[in-house]
Amino acid sequence: MNVNPVSFSGTFLIPYSELKKFGPQSHQVMRQIGQETAKFADIKDMEQTKEGILVNVDDKKAKEYEAVIAKYGVNIVRAAKPAIGDGGAKSYEYMVSKLYPEIKDEKVKEFNETPEGDHKNKLYLDVYYRFKQSQQAKEA
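Just so you know, these numbers come straight off a predicted model, no measurement behind them.

Caption draft 1: Summary view of the overall build of the chain. For the chain, the helix and strand inventory stands at seven helices and four strands. Secondary structure elements in the chain, listed N-terminal to C-terminal, are β-α-α-β-β-α-β-α-α-α-α. For the chain, buried positions account for 37% of its 140 residues. The long-range share in the chain, meaning contacts at least 24 apart out of those at least 6 apart in sequence, stands at 73%. For the chain, the computed accessible surface area is about 9100 Å², with 53% contributed by carbon and sulfur atoms.

Caption draft 2: View of the packing of helix α4 (residues 89–99) against helix α5 (residues 104–113). Between α4 and α5, the least distance of the axes is 9 Å, while the angle of their chain directions is 155°. Considering their axes alone, α4 and α5 lie roughly antiparallel with respect to each other. Between α4 and α5 lies a crossing of right-handed hand. Where α4 approaches α5, its residues Ala89, Tyr92, Glu93, Val96 and Ser97 are matched on the opposing element by Lys104, Lys107, Val108, Phe111 and Asn112. Residue classes in the contact of α4 with α5 are distributed as five nonpolar, two polar and three charged.

Caption draft 3: Here's a closer look at the side chain of threonine 11. Tracing the sequence through the fold places threonine 11 in strand β1 (residues 10–15). You can call threonine 11 buried: its relative accessible area is 11%. A polar atom in the side chain of threonine 11 sits 2.9 Å from the side chain of asparagine 56. Ignoring anything within four residues of it in the chain, the contact list for threonine 11 reads Leu54, Val55, Asn56, Val77, Arg78, Ala79, Lys81, Pro82 and Ala83.

Caption draft 4: Local environment of the packing of α4 against helix α6 (residues 118–133). Where α4 contacts α6, the two axes come as close as 10 Å, and the packing angle between them is 50°. One element, α4, and the other, α6, form an angle in the oblique class. In terms of crossing hand, the pair formed by α4 and α6 is left-handed. Contacts between α4 and α6 pair Ser91, Tyr92, Tyr94, Met95, Val96, Lys98 and Leu99 from the former with Leu123, Tyr124, Val127, Tyr128, Arg130 and Phe131 from the latter. Looking at side-chain class alone, the contact of α4 with α6 contains ten nonpolar, one polar and two charged residues.

About the thresholds
- Residues numbered from 1 in each chain as written.
- Predicted model: local features only at pLDDT ≥ 70, side-chain atom pairs only at ≥ 80, totals over all residues.
- Heavy atoms only, no water.
- Helix = DSSP H or I, 4+ residues; strand = E, 2+ residues; numbered from the N terminus.
- Buried < 20%, exposed > 50% of the residue type's maximum accessible area, 1.4 Å probe, protein only.
- Contact = heavy atoms within 4.5 Å.
- Areas by Shrake-Rupley, 256 points an atom, 1.4 Å probe, with all protein chains shown as cover.
- Axes fitted to C-alpha atoms, helices over the stretch in contact; angles between N-to-C directions.
- Parallel < 35°, antiparallel > 145°, perpendicular 65-115°, else oblique.
- Left-handed = near helix turned anticlockwise from the far one by under 90°.
- Nonpolar A, V, L, I, M, F, W, Y, C, P; charged D, E, K, R; others polar.
- Polar contact = N/O pair within 3.5 Å; in protein donor to acceptor, adjacent residues only side chain to side chain.

Structure below.
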């Protein structure tokens, strides 16, 4: 009998309900999983939804993704629809709204008008690291 192993390529959902099992650490674990996933999946291949985090995984990166999931022991679900990553626009808008509510619209407009590339990545990472160190991140 020839049995094929489960493939970790395709689109997967990490349900928020799975992350809640980590209790007060759930937001931190979600960020850790996201950071590790970002090492092999482009931001356009990830999307936060109401149900959880969608990740598109190609065959070349399936083993790395499998290792991340195994490390955290979360149950994932194969998703029917692919992630439609927005280049981090929703996450950026959320973080900016918490850090700079008075100039949020201006910063979001600048981010959305910036072409994909190193400068846009730098804008995102600057806000991400500021948010991560802020009180707002601890309350989220």
